[in-house]
Amino acid sequence: MHHFYTSIIVPANQEKVFNFFKKPENLGKMVPPFMKFQLLTPGNLNMKDAAIYDYLVRVYGISKRWTTFISSYNPPHEFTDVQLKGPNAYWHHRHFFEDCEQGT
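On a predicted model such as this, the values are computed, not experimentally measured, just so you know.

Within the chain one finds one helix and five strands. Written out in order from the N terminus, the α and β elements of the chain read α-β-β-β-β-β. Since a compact globule built from 104 residues should have a radius of gyration of about 13 Å, the 14 Å found for the chain is in line with a globular shape. Dimensions of the chain, computed from the C-alpha atoms along their principal axes, are close to 40 × 30 × 25 Å. Relative to its full complement of 104 residues, the chain shows a buried share of 31%. For the chain, restricting intrachain contacts to residue pairs at least 6 apart in sequence, the fraction spanning at least 24 positions comes to 30%. As presented, the chain carries roughly 7,400 Å² of accessible surface, and 55% of it is formed by carbon and sulfur atoms. Computed over 11 positive and 9 negative side-chain charges, the separation of the two mean positions in the chain equals 14 Å.

Laid out in structure tokens, this is it:
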């Protein structure tokens, strides 16, 4: 199994950054355009523990349904999403948000 770790600094306060990331519809603004990301879960969505979201993404030109489960949710500090169905053999994605001198 591969592990990938990265961090970025966003020049905004922690609550503002977390509020952007907690909205499933904003994921489409963060993935590459060639993935043709589409949120399938309808309605006004609010992230919470045990929420499930469905998306459609393109991987190597083939559309795949991607279902994620929010396994932990601790605003505005962290949340974890786990792939239930999708293009990856395994996906366990933890997001951490910390204040720093330059923002979050």
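Moving on, we come to the pattern of salt bridges. Considering all chains together, one arrives at one salt bridge under this definition. We note a salt bridge from Asp-54 to Arg-65, for which the minimum N-O separation is 3.5 Å. On the criterion of sequence distance, the pair formed by Asp-54 in strand S2 (residues 52-59) and Arg-65 in strand S3 (residues 62-74) is long-range, its members being 11 residues apart. Given the relative accessible area of 42%, Arg-65 is considered partly exposed.

The next subject is unusual backbone geometry. For the bond running from Pro-75 to Pro-76, omega is -10°, close enough to zero to count as cis. Its place among the elements puts Pro-76 in the loop between S3 and strand S4 (78-85). For Tyr-60, which is not a glycine, the phi torsion comes out positive at approximately 50°. One can find Tyr-60 in the loop between S2 and S3. Classification of Tyr-60 by relative accessible area gives exposed; the value is 81%.

Reported here for the largest pocket is a volume of approximately 1,800 Å³. Phe-4, Trp-91, His-93, Arg-94 and His-95 are the residues nearest the centre of the largest pocket, which is lined by 44 residues in total. Looking at the lining of the largest pocket, the elements that each hand over two or more residues are helix H1 (14-21), S2, S3, S4 and strand S5 (92-96). Its residues placed into classes, the lining of the largest pocket shows 29 nonpolar, 10 polar and five charged.

Let us look at the sheet that holds S4. Taking strand neighbours across the sheet as the criterion, the five strands line up as S1-S2-S3-S4-S5 in an open arrangement whose pairing is antiparallel. In this open sheet, the two strands that pair with only one neighbour each are strand S1 (38-39) and S5. Bridge count for S3 against S4 is seven bridges, and the pairing is antiparallel. Bridge pairing in S4 places Thr-68 opposite Gln-83.

The rules we used
- Throughout this description, residue numbers start from 1 for each chain and increase along the sequence as written.
- The predicted origin of the model limits local features to residues at a pLDDT of at least 70 and limits the giving and counting of side-chain atom pairs to 80 or more, whereas totals for whole chains, interfaces and linings rest on all residues.
- Water and hydrogen atoms were dropped before computing side-chain values, which therefore reflect all heavy atoms in the structure.
- Under the scheme used here, helices are H or I runs from DSSP no shorter than 4 residues and strands are E runs no shorter than 2 residues, and both carry numbers assigned from the N terminus.
- The size measure is the radius of gyration over C-alpha atoms, and the globule rule it meets is 2.2 Å times the number of residues to the 0.38 power.
- Burial classification: accessible surface area is computed with a 1.4 Å probe over protein chains only, and a residue below 20% of its type maximum counts as buried, one above 50% as exposed, and the rest as partly exposed.
- Contact definition: two residues touch when any of their heavy atoms are within 4.5 Å.
- Only the protein chains shown count as covering a residue, and every accessible area follows the Shrake-Rupley method with a 1.4 Å probe.
- Residues scored as charged are limited to Lys and Arg (positive) and Asp and Glu (negative), so that His and the chain ends carry no count.
- Here the site of a charge means atom NZ of a Lys, CZ of an Arg, CG of an Asp or CD of a Glu.
- In the sections that follow, a salt bridge refers to a side-chain nitrogen of Lys or Arg positioned within 4 Å of a carboxyl oxygen of Asp or Glu.
- Space inside and on the surface of the protein is sampled on a 1 Å grid over the protein atoms alone, with a cavity defined as a set of points where a 1.4 Å probe fits but cannot get out and a pocket as an open set with protein on both sides within 12 Å along at least 5 of 7 lines; lining residues have an atom within 4 Å of a point.
- Grid points are joined across faces, edges and corners, and a volume is the space filled by probe spheres set on the points.
- Gly is put with the polar residues, along with every residue not named as nonpolar or charged; the nonpolar set is Ala, Val, Leu, Ile, Met, Phe, Trp, Tyr, Cys and Pro, and the charged set is Asp, Glu, Lys and Arg.
- When DSSP finds two or more bridges between a pair of strands, those strands are recorded as paired.

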